[in-house]
Amino acid sequence: MSDLETTYLIVGGGIAGVTCIETLAILHPEEPVVILTASSLVKNVSNVSFFAKTIVKFDVHETEASSLQRIHPNIKIVYESLKEVDTENHLAITDDNVRIRYQTICICTGGVPRLISDSNKSKKILGIRDTESVKEFQNRLVTGRKMVVVGNGGIASEIIHATSGIQKIWVIRDDYISATFIDPGAAEFFQNTFKKKTVDENEKNTILRRHVFTEEDIVVSLNKDLKSAALGPDWYRKLEGIRNETGEQELEVIYKVEVKSVTETTNDYPLVVELSNGKIINCDFLISATGVEPAVNFTWDKEPKAGPDGGLAVNEYQETSLRNVFAAGDVAHASWEHAPHWFQLKLWTQARQMAGMAAKAMHARITNQEVLQDFCFELFTHCTTLFGYRIVLLGKYNGQGLGTDYEILLRTTPNLEYIKFVLKDGRLHGAILIGETDLEEMCENLILDQIDLTPFGDDILNPDIDIDDYFD
Ligand SMILES: Cc1cc2nc3c(=O)[nH]c(=O)nc-3n(C[C@H](O)[C@H](O)[C@H](O)COP(=O)(O)OP(=O)(O)OC[C@H]3O[C@@H](n4cnc5c(N)ncnc54)[C@H](O)[C@@H]3O)c2cc1C
Ligand SMILES: NC(=O)C1=CN([C@@H]2O[C@H](COP(=O)(O)OP(=O)(O)OC[C@H]3O[C@@H](n4cnc5c(N)ncnc54)[C@H](OP(=O)(O)O)[C@@H]3O)[C@@H](O)[C@H]2O)C=CC1
């Protein structure tokens with residue numbers, strides 16, 4: 001017996017779940033869809049702009065789940081948590097024992113912060129994922145004097161940039177900042193902008209250089225029951241201006257260390273953080289911005305295959321190893337053979353792309369049609385803002401997996417732009433574009449078409465030559 005019957009069941013109201021519904025609303029509006037969401041707010045995407053075929057930028061907002069009724073005429077919203085999936089009988093069972101019979105299901109339950117190992121020892125160790133966790137962080141910023149930030153990815157970088165009036169100790173495993181997204185050269189570009197806001201005239205000169213790098217030169221780095229969706233792009237703006245003290249940021253970066261232990265004390269500073277190099281830091285609270293793990297927070301009659309991170313392993317159509325069970329977004333592990341210039345990172349662009357693909361494949365299954373993998377999986381692209389600069393990452397932007405004999409061509413103008421091309425056998429395999437470079441579309445074409453750039457030499461990045469003319 002079931003309480004509800006549906007053709008499509010979507011679990012989760014983050015970007016992946018909502019995109020899946022939006023796509024099904026276009027492909028199959030007459031068929032019933034049920035969304036099972038643990039939070040009453042869902043994500044929606046607006047102001048989508050394309051810098052090139054595959055390079056997309058958009059805004060993410062939170063809205064009432066009921067607004068989905070305007071998107072899909074045949075949707076039913078169930079505000080509950082998924083407890084169990086009975087794949088044999090095509091049944092999903094919620095915490096309150098509501099039973100939903102589906103023909104296809106897409107799991108979009110996202111991720112939860114992966115905190116440092118001592119996180120259960122103190123409530124002063126915080127992870128950031130949803131609005132609630134940011135509120136707690138905001139409260140701690142109001143009175144905090146010193147915080148430790150652990151991790152070297154997107155969240156840590158944004159926190160360091162956005163907070164002021166508090167002493168910050170940034171603890172990272174790498175030997176340069178923001179290693180998930182950039183290389184040591186770009187890290188230096190950003191650190192110079194921290195040091196001084198204005199640049200001397202004679203420092204504004206553009207520097208162009210080619211370097212043959214090896215893998216050893218560039219190290220490729222790639223709290224609770226949090227069931228709300230992950231935050232939107234401008235979440236860190238909520239941290240700005242909490243303390244209005246002006247002046248130099250009190251920032252200390254400690255490189256190549258990890259946190260060994262964290263203990264609470266009754267001393268002036270309530271938290272004692274011991275690092276792997278023996279250093280002791282006393283602080284008010286610690287932010288663990290140390291990645292996400294997939295939220296597979298329900299049980300199965302039969303376990304599907306999992307990826308190395310515990311996420312649901314999916315093929316190129318986003319289907320798990322269990323027929324008619326699809327997955328998309330942070331909960332999914334991309335287990336198909338990737339195109340040469342694509343790899344998975346837990347980002348909302350990818351959550352959106354995976355969910356669009358899942359919806360197409362679910363629709364094809366129901367209507368007995370064939371489906372092809374979407375073109376967006378040909379090229380890794382990420383468009384974001386870091387330390388106040390627009391940053392576009394393309395393909396193997398840090399030489400990921402290119403072996404030991406690739407070249408790097410750099411053009412940098414202090415406080416203005418940082419452009420890095422990763423070349424192998426004369427062809428472009430990846431790029432980091434920081435600032436308003438206007439090179440996105442050209443780079444996308446050069447990577448996708450694998451044009452031999454040897455004849456252009458270093459002119460490919462010469463600011464006085466409009467290289468686009470060659471390819472028109
Ligand atoms: C602070 C922060 C900043 C970020 N900034 C960026 C950025 O600038 N650019 C970028 O590309 N990415 C960014 N990300 C990553 C991005 O937010 C995620 O990759 C993306 O939101 C994942 O979407 P999702 O739909 O898979 O998961 P989520 O957004 O986590 O949504 C999961 C949904 O599933 C629901 N759910 C969970 N378990 C259950 C259950 N058992 N039953 C029912 N419902 C359930 C939750 O309520 C939620 O609605 C950021 C992440 C964070 C935390
Ligand atoms: N602008 C953007 O695009 C943003 C994207 N995001 C996304 O949100 C998600 C969460 O962000 P975030 O938490 O920053 O995750 P990230 O995966 O971006 O970064 C995690 C960082 O923590 C480090 N780390 C992991 N475990 C430890 C540990 N035990 N001790 C010290 N360091 C550790 C990792 O190092 P190592 O690499 O060595 O494992 C890495 O530097 C990610 O999917 C991220 O891509 C978040 C904010 C902004």
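Not measured: the values here are computed from a predicted model.

Visitor: What is the right way to look at the side chain of Lys420 in this model?
Guide: With respect to the helices and strands, Lys420 occurs in strand β27 (residues 417-424). At 3.2 Å, the side chain of Lys420 and the side chain of Asp183 are in polar contact.

Visitor: Before we go on, may I ask you to explain the nonpolar core in this structure?
Guide: Soluble globular proteins tend to pack their nonpolar side chains together in the buried interior. Within the largest apolar cluster, 111 residues are counted, with the highest numbers of intra-cluster contacts made by Ile107, Phe137 and Ile434. Residue contributions to this core peak at 9 residues, all from helix α6 (residues 348-367). Once residues within four sequence positions are removed from consideration, Ile434 is found in contact with Ile182, Ala186, Phe189, Phe190, Tyr389, Arg390, Ile391, Leu416, Glu417 and Tyr418. Judged by nonpolar contacts, the second largest core, of 22 residues, contains Ala52, Cys383, Val392 and Leu433.

Visitor: Help me understand the domain arrangement of the chain in this model?
Guide: Reports often express the size of an interface as the amount of accessible area lost when the parts come together. When its domains are assigned, the chain resolves into domain 1 (4-111 + 293-376), domain 2 (115-183 + 219-290) and domain 3 (396-471). Domain 1 and domain 2 are separated by 31 Å when their C-alpha centres are compared.

Visitor: What is the right way to look at the sheet that holds strand β10 (residues 125-126) in this model?
Guide: Working definition: the strands of a sheet are paired by backbone hydrogen bonds and lie parallel or antiparallel to each other. Here we have 5 strands laid out as an open sheet, ordered β10-β18-β11-β12-β14, and parallel in their pairing. Here the strands that pair on one side only, and so sit at the sheet edges, are β10 and β14 (251-254). Examined bridge by bridge, strand β11 (residues 146-150) and strand β18 (residues 285-288) share 4 bridges and lie parallel to one another. Along β18, the bridge assignment pairs Val149 with Ile287. Contacts from helix α3 (residues 131-143) reach β10, β11 and β18, with the element oriented near 145° to β18.

Visitor: For this particular structure, what's the right way to read the packing of aromatic side chains?
Guide: One pair of aromatic rings is described through two measures. These are the centre distance and the angle between the planes. Under the criterion given, the structure shown has 13 aromatic pairs. Between Phe189 and Tyr389 the ring centres are 5.2 Å apart and the planes differ by 70°, which places this aromatic pair in the edge-to-face class. Here the aromatic rings of Phe380 and Tyr397 are separated by 5.7 Å at their centres, their planes lie at 35°, and the arrangement is tilted. In this pair, Phe380 is assigned in the loop between α6 and β24 (381-386) and Tyr397 in the loop between β25 (389-395) and β26 (406-413), connecting sequence segments 17 residues apart. Just as Phe380 is buried, Tyr397 falls in that class too. Joined through ring pairs, the aromatic side chains of Phe189, Phe190, Phe387, Tyr389 and Tyr418 make up one cluster. The aromatic ring of Tyr269 is capped on one face by Arg145, whose charged end is 4.2 Å from the ring centroid. Note that Lys146 overlies the ring of Tyr269, its terminal NZ or CZ placed 5.3 Å from the centroid.

Visitor: What am I meant to see in the pairing of β26 here?
Guide: Successive residues of a regular strand alternate their side chains across the two faces of the sheet. Of all 8 residues making up β26, 7 are buried, and the element is well covered by its neighbours. With 7 bridges connecting them, β26 and β27 associate as antiparallel partners. Bridge pairing links Thr412 to Tyr418 in β27. Hairpin connection of β26 to β27: 3 residues between the antiparallel strands, including Asn415 at a positive phi of 65°.

Visitor: Could you clarify how one ought to interpret α6 in this entry?
Guide: Two residues of an α-helix separated by three or four positions point the same way, owing to the 3.6 residues in each turn. Under the 1.5 Å per step criterion, the end-to-end length of α6 is 28 Å for 20 residues, consistent within 8% with the ideal 28 Å. Judged by how many residues are buried, α6 sits mostly within the fold: 14 of 20 residues are covered. Just downstream of α6 lies Asn368, where phi reads positive at about 55°.

Visitor: Help me out: how do you make sense of the pattern of salt bridges in this one?
Guide: Two side chains that carry opposite charge are able to pair once their charged atoms sit near each other. Scanning all chains against the criterion turns up 17 salt bridges. The closest approach of N and O atoms between Arg145 and Asp284, which form a salt bridge, is 2.9 Å. Residues Arg390 and Glu436 are paired through a salt bridge, measuring 3.4 Å at the closest nitrogen-oxygen approach. Of this pair, Arg390 sits in strand β25 while Glu436 sits in the loop between β28 (427-434) and α7 (440-449), and the two are 46 residues apart along the sequence. You can call Arg390 buried: its relative accessible area is 18%. Judged by its relative accessible area of 63%, Glu436 is exposed.

How each quantity is defined
Residues numbered from 1 in each chain as written. Chains lettered and ligands numbered in written order. Predicted model: local features only at pLDDT ≥ 70, side-chain atom pairs only at ≥ 80, totals over all residues. Heavy atoms only, no water. Helix = DSSP H or I, 4+ residues; strand = E, 2+ residues; numbered from the N terminus. Polar contact = N/O pair within 3.5 Å; in protein donor to acceptor, adjacent residues only side chain to side chain. Core = buried A, V, L, I, M, F, W, Y, C linked by side-chain atoms within 4.5 Å. Buried < 20%, exposed > 50% of the residue type's maximum accessible area, 1.4 Å probe, protein only. Contact = heavy atoms within 4.5 Å. Domains from an automatic or database assignment. Pairing = 2+ DSSP bridges. Axes fitted to C-alpha atoms, helices over the stretch in contact; angles between N-to-C directions. Phe/Tyr/Trp six-rings, centres within 6.5 Å; stacked < 30°, edge-to-face > 60°. Lys NZ or Arg CZ within 6 Å of the ring centre and 35° of its normal. Expected span 1.5 Å × (residues − 1). Salt bridge = Lys/Arg side-chain N within 4 Å of Asp/Glu carboxyl O.

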